[in-house]
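An overview of the molecular structure
Here is what each chain is made of, one letter per residue.
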Amino acid sequence: MYKEKTIPVYIKEIYQETNDVKRFILASVEGKLLPRFNSGAHIATYLKREDGFIIRQYSLTSNPDKTDQYQIAVRLSNASKGGSLFWHEQIKVGDELHISYPKNDFPLSFKAKHHVFYAAGIGITPFLSMIQELSDKGSSFELHYASKSKEVCAFYDYLRKHFSNQSHFYFSKQHNRVSTSSLEKHPIGTHIYFCGPVSFIQEFTEAALGIGYPKSSIHLEHFVPVQPMNVEPFQVITKNGEVIQVAKEQTLLEALLHNNVEAPYSCRMGRCGTCEIPVLKGEIDHCDSFLTEDQKNAQRSILTCVSRAKSGKLVIGI
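Residues numbered from 1 in each chain as written. Predicted model: local features only at pLDDT ≥ 70, side-chain atom pairs only at ≥ 80, totals over all residues. Heavy atoms only, no water.

Unlike most non-glycine residues, His175 shows phi in positive territory, near 60°. Mapped onto the elements, His175 comes out in the loop between β9 (167–171) and β10 (190–196). Taking relative accessible area as the criterion, His175 reaches 75% and is therefore assigned exposed. The phi torsion at Gln299 lies on the positive side, around 60°, for a residue other than glycine. Among the secondary structure elements, Gln299 is positioned in the loop between α6 (293–298) and β16 (301–303). We classify Gln299 as partly exposed; its relative accessible area is 22%. (Helix = DSSP H or I, 4+ residues; strand = E, 2+ residues; numbered from the N terminus. Buried < 20%, exposed > 50% of the residue type's maximum accessible area, 1.4 Å probe, protein only.)

Okay, structure coming up:
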């Protein structure tokens, strides 16, 4: 049923953080402690529907040391394909589901002398566990959090109550926007972390590199992969000669799994590299944040969860 080992959990509590953000408390169906995780980790959630499963990844927002329950936050997206809409409209207290074991593609750097987090919108979620861990350890950090207004700023009251000295808020409706110039004010030894919309991450990453931050001191978390310029159906041919059609609304990974091809995967966001497979022929439209530019230019492998064909056909090595 599941392509990875999962944990049965149930919805213990639900909280309405803002009009479009809900916080869900998950606890073990078996009454056990859940696995410990490192701050910045996420889980995959499996929501069963009549036509199959909705699989979505969410950051764990709770304290890594308290594993009697997990917490996640889900923002209702206007462009939802069923995931956030299902969470907001269908999920209720007592419902059971399966989740993956925690995975971490966005860990804290313990080489940092000072940690600075830049969040926009729901990009706050991975930072909640990080600042709890750093606070417990007495480590140096600060948070810069951009939102449209205080009313839609998820976890605003919590952050003001527990981390008021380290938190800086920017509300665009009040003409108070976070600026990349703040990057110039951090001391040597600072590591910076960005999470939010793609445009926000790109702007701040480019500014940080321009100022002179080493790449090893810049950490990114994308909630959505880069979107292809032109989403069109295409065809793949496996090493056994099987021809698989990839529909416009499908990912290559989904098409492979639907056709019972044993394709590896984990994050489904183009960031961990688990789903990378060789490409023997064809032009690839890379949309991942895992491969280097040289690897992308070589056109020899593809991350099936996000990337597609630029040409109408790919010949793959599985």
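Let's pick the thread back up.
Attention now goes to the domain arrangement of the protein. It is common to give the size of an interface as the accessible area lost on bringing the parts into contact. Per the domain assignment, the segments making up the protein are domain 1 (6–100), domain 2 (114–220) and domain 3 (234–316). Relative placement of domain 1 and domain 3: their C-alpha centres are 28 Å apart. With four residues of domain 1 at the contact, the number on the domain 3 side is six residues. Roughly 380 Å² of surface becomes buried between domain 1 and domain 3 when both sides are summed, with 43% attributable to carbon and sulfur atoms. The largest contributions to the domain 1 side of the interface with domain 3 come from His42, Ile55 and Gln57, which together make up 84% of the buried area. On inspection of domain 1 and its partner domain 3, the count reaches zero salt bridges. Taken together, the connections running from domain 1 to domain 3 amount to zero residue pairs in polar contact (both at pLDDT 80 or more). (Domains from an automatic or database assignment. Contact = heavy atoms within 4.5 Å. Buried area = accessible area lost by both parts, 1.4 Å probe. Salt bridge = Lys/Arg side-chain N within 4 Å of Asp/Glu carboxyl O. Polar contact = N/O pair within 3.5 Å; in protein donor to acceptor, adjacent residues only side chain to side chain.)

This part covers the environment of Arg56. Here Arg56 lies in strand β4 (residues 52–59). You can call Arg56 partly exposed: its relative accessible area is 29%. Separated by ten residues in sequence, Arg56 and Tyr46 place their C-alpha atoms 7.0 Å apart.

Looking now at the state of the cysteines. Linking two cysteines covalently via their sulfur atoms produces the bond known as a disulfide. Summed over all chains, the structure comprises zero disulfides. Cysteine Cys287 remains unbridged, with the sulfur of Cys305 as its closest cysteine sulfur at 9.9 Å. (Disulfide = S-S within 2.5 Å.)

To continue, consider the nonpolar core. When a protein is soluble and globular, its nonpolar side chains tend to lie buried together. Formed by 28 residues in total, the largest nonpolar core has its most connected members in Phe234, Val236, Leu252, Leu256, Ile302 and Leu314. Elements represented by at least two residues in this core include exactly β3 (42–49), β12 (234–237), β13 (243–246), α5 (252–258), β14 (276–281), β16 and β18 (313–316). Per element, the largest residue contribution to this core is five residues, and it comes from α5. When residues of this core are assigned to domains, at least three fall in each of domain 1 (6–100) and domain 3 (234–316). Once residues within four sequence positions are removed from consideration, Ile302 is found in contact with Leu252, Cys275, Glu276, Ile277, Val279, Ile284, Ser307, Arg308 and Leu314. (Core = buried A, V, L, I, M, F, W, Y, C linked by side-chain atoms within 4.5 Å.)

Attention now moves to the pattern of salt bridges. Under the defined criterion, the tally for this structure stands at five salt bridges. Across the pair Arg23 and Glu17 runs a salt bridge whose closest N-O atoms are separated by 2.7 Å. Given a relative accessible area of 16%, Arg23 falls into the buried group. With relative accessibility at 25%, the residue Glu17 sits in the partly exposed group. A salt bridge links Asp65 to Arg36; the nearest nitrogen and oxygen atoms lie 2.6 Å apart. Residue Asp65 is found in the loop between β4 and β5 (70–75), and its partner Arg36 is found in the loop between β2 (21–28) and β3; the two are separated by 29 residues along the sequence.

Our next topic: the sheet that holds β10. Here we have five strands laid out as an open sheet, ordered β9-β8-β7-β10-β11, and parallel in their pairing. Both edges of this open sheet fall to β9 and β11 (218–222), since each of them pairs with a single strand only. Strand-to-strand twist of the sheet, defined as the mean angle between neighbouring strand axes without regard to direction, takes the value 15°. (Pairing = 2+ DSSP bridges. Axes fitted to C-alpha atoms, helices over the stretch in contact; angles between N-to-C directions.)

Taken as a whole and judged by the stated rule, the model has 17 aromatic pairs. Between the aromatic rings of Tyr118 and Phe194, the centroid separation amounts to 5.6 Å while the plane-to-plane angle is 55°, which identifies the pairing as tilted. One end of the pair, Tyr118, is in strand β7 (residues 114–120); the other, Phe194, is in strand β10, with 76 residues separating them in the sequence. Of the two residues, Tyr118 and Phe194, neither departs from the other in class, the shared state being buried. Consider the rings of Phe194 and Phe204, whose centres lie 5.8 Å apart with planes at 55°: the pair is tilted. With Phe194 in strand β10 and Phe204 in helix α4 (residues 198–211), the pair connects residues that are ten residues apart, well separated along the chain. Like Phe204, Phe194 is buried. (Phe/Tyr/Trp six-rings, centres within 6.5 Å; stacked < 30°, edge-to-face > 60°.)

Along the chain, the position of Ala263 falls in the loop between α5 and β14. C-alpha separation for the pair Ala263 and Thr274, spaced eleven residues apart in sequence, amounts to 9.5 Å. When residues no more than four places from it in sequence are discounted, the contact partners of Ala263 are Leu253, Leu256, Leu257 and Ile318.

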